[in-house]
Amino acid sequence: MSTEPGRSRILLRPWRKNDLEPCAAMNADPEVMRYFPAVLNRSESDYLVRRIEDHISEHGFGLWVLEIPGKLAFAGFVGLLRVPFEAHFTPAVEIGWRLAPQAWGQGYATEAAQGVLSHAFHVLGMKEIVSFTTAGNKRSQAVMRRIGMHTRVEENFEHPRLPAGHPLRVHVLYRLRREQWLLQSAYDAAGGLPRIL
């Protein structure tokens, strides 16, 4: 995903070898990983990146590196993943993000996610995108609402990869269909959003 000068503040791009170290630092940060089961050590973080790159190779989309040109070479990742478990809403494609603390509170996640949605619906031809997080993760849920996604309490679910009774097991599901995206005019028809490289 790339940007035109003056049209967007961000760049969504492929992974590079020098992204591994800052990605590992992000994944080892307890506040970043607050709503995940555990922080990741360096080998676990590197394995995650390999899985992300394999997903991109297999499906043609995945989690791209978020760069803030002139400010942060690695600000996190944003993109699309096939949901890897069975639930009442699968098979499905999920939009997700994880940002380093230096990039929080500046609208980067929302801007990047809007570009990813535009690519999903207008380039990849997807019909629906989902997103989900733990019930307590209000920051991510706010991004989901800002990009036009909708939730219903009856669609909350227990994440099958977390044990019964785990404090993060209950998840909130958000959805967005292509028709809703178009009606909400959530993407910039003038081309001001990031686009896939």
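Located above this text is the structure these notes cover.
S.K.: Summarise the pairing of strand E3 (residues 72-82); cite the residues concerned and give the values.
M.R.: Counting buried positions along E3 gives eight out of 11 residues, so the element sits mostly inside the fold. With five bridges joining them, strand E2 (residues 63-68) and E3 adopt antiparallel strand pairing. Its bridge partner being in E3, Val65 is matched across the sheet by Phe77. With antiparallel pairing between neighbouring strands as the criterion, E2 and E3 make up a hairpin whose turn holds three residues, including Gly70 at a positive phi of roughly 80 degrees. With seven bridges connecting them, E3 and strand E4 (residues 93-99) associate as antiparallel partners. Residue pairing in the sheet places Gly76 in a bridge with Leu99 of E4.

S.K.: Break down the pattern of salt bridges for me, citing the residues and quoting the values.
M.R.: Within the structure shown, the criterion is met by 12 salt bridges. Between Glu67 and Arg16 there is a salt bridge; the shortest N-O distance is 3.8 Å. Remark: Arg16 occurs in the loop between strand E1 (11-13) and helix H1 (20-27) and Glu67 occurs in strand E2; sequence separation between them is 51 residues. For Glu67, a relative accessible area of 14% puts it in the buried group. A salt bridge links Arg42 to Asp46, with the shortest nitrogen-to-oxygen separation between them at 2.9 Å. Taken as a pair, Arg42 and Asp46 lie in helix H2 (residues 42-59) at a separation of four residues, close to a single helical turn. Judged by relative accessible area, which is 41%, Arg42 ranks as partly exposed. One network of salt bridges, in which partners are shared, links Glu128, Arg152, Glu154, Glu155 and Arg175.

S.K.: Describe the packing of H1 against H2, with residues and values.
M.R.: Between two packed helices, both the angle of their axes relative to each other and the distance between the axes serve to describe the pair. The N-to-C vectors of H1 and H2 enclose an angle of 115 degrees; their axes lie 9 Å apart at closest approach. Considering only the axes of H1 and H2, their crossing is right-handed. Here Leu20, Glu21, Cys23, Ala24 and Asn27 of H1 come into contact with H2, specifically with Arg42, Ser45, Asp46, Leu48 and Val49. For the contact of H1 with H2, the residue count by class is five nonpolar, two polar and three charged.

S.K.: Help me get a handle on the packing of aromatic side chains, residues and values and all.
M.R.: Scanning the model with the defined rule gives nine aromatic pairs in all. Geometrically, the ring pair formed by Phe121 and Trp181 is tilted, given 6.0 Å between the ring centres and 40 degrees between the ring planes. Of this pair, Phe121 sits in helix H3 (residues 108-122) while Trp181 sits in helix H5 (residues 178-183), and the two are 60 residues apart along the sequence. A relative accessible area of 0% means that Trp181 is categorised as buried. Through successive ring pairs, a cluster of aromatic residues spans Phe85, Phe89, Phe132 and Phe157. Taking the ring centre of Phe36 as reference, the NZ or CZ of Arg98 above it sits at 4.2 Å.

Quick notes on the rules
- Residues numbered from 1 in each chain as written.
- Predicted model: local features only at pLDDT ≥ 70, side-chain atom pairs only at ≥ 80, totals over all residues.
- Heavy atoms only, no water.
- Buried < 20%, exposed > 50% of the residue type's maximum accessible area, 1.4 Å probe, protein only.
- Helix = DSSP H or I, 4+ residues; strand = E, 2+ residues; numbered from the N terminus.
- Pairing = 2+ DSSP bridges.
- Salt bridge = Lys/Arg side-chain N within 4 Å of Asp/Glu carboxyl O.
- Axes fitted to C-alpha atoms, helices over the stretch in contact; angles between N-to-C directions.
- Left-handed = near helix turned anticlockwise from the far one by under 90°.
- Contact = heavy atoms within 4.5 Å.
- Nonpolar A, V, L, I, M, F, W, Y, C, P; charged D, E, K, R; others polar.
- Phe/Tyr/Trp six-rings, centres within 6.5 Å; stacked < 30°, edge-to-face > 60°.
- Lys NZ or Arg CZ within 6 Å of the ring centre and 35° of its normal.

In short, geometric facts, not functional conclusions.
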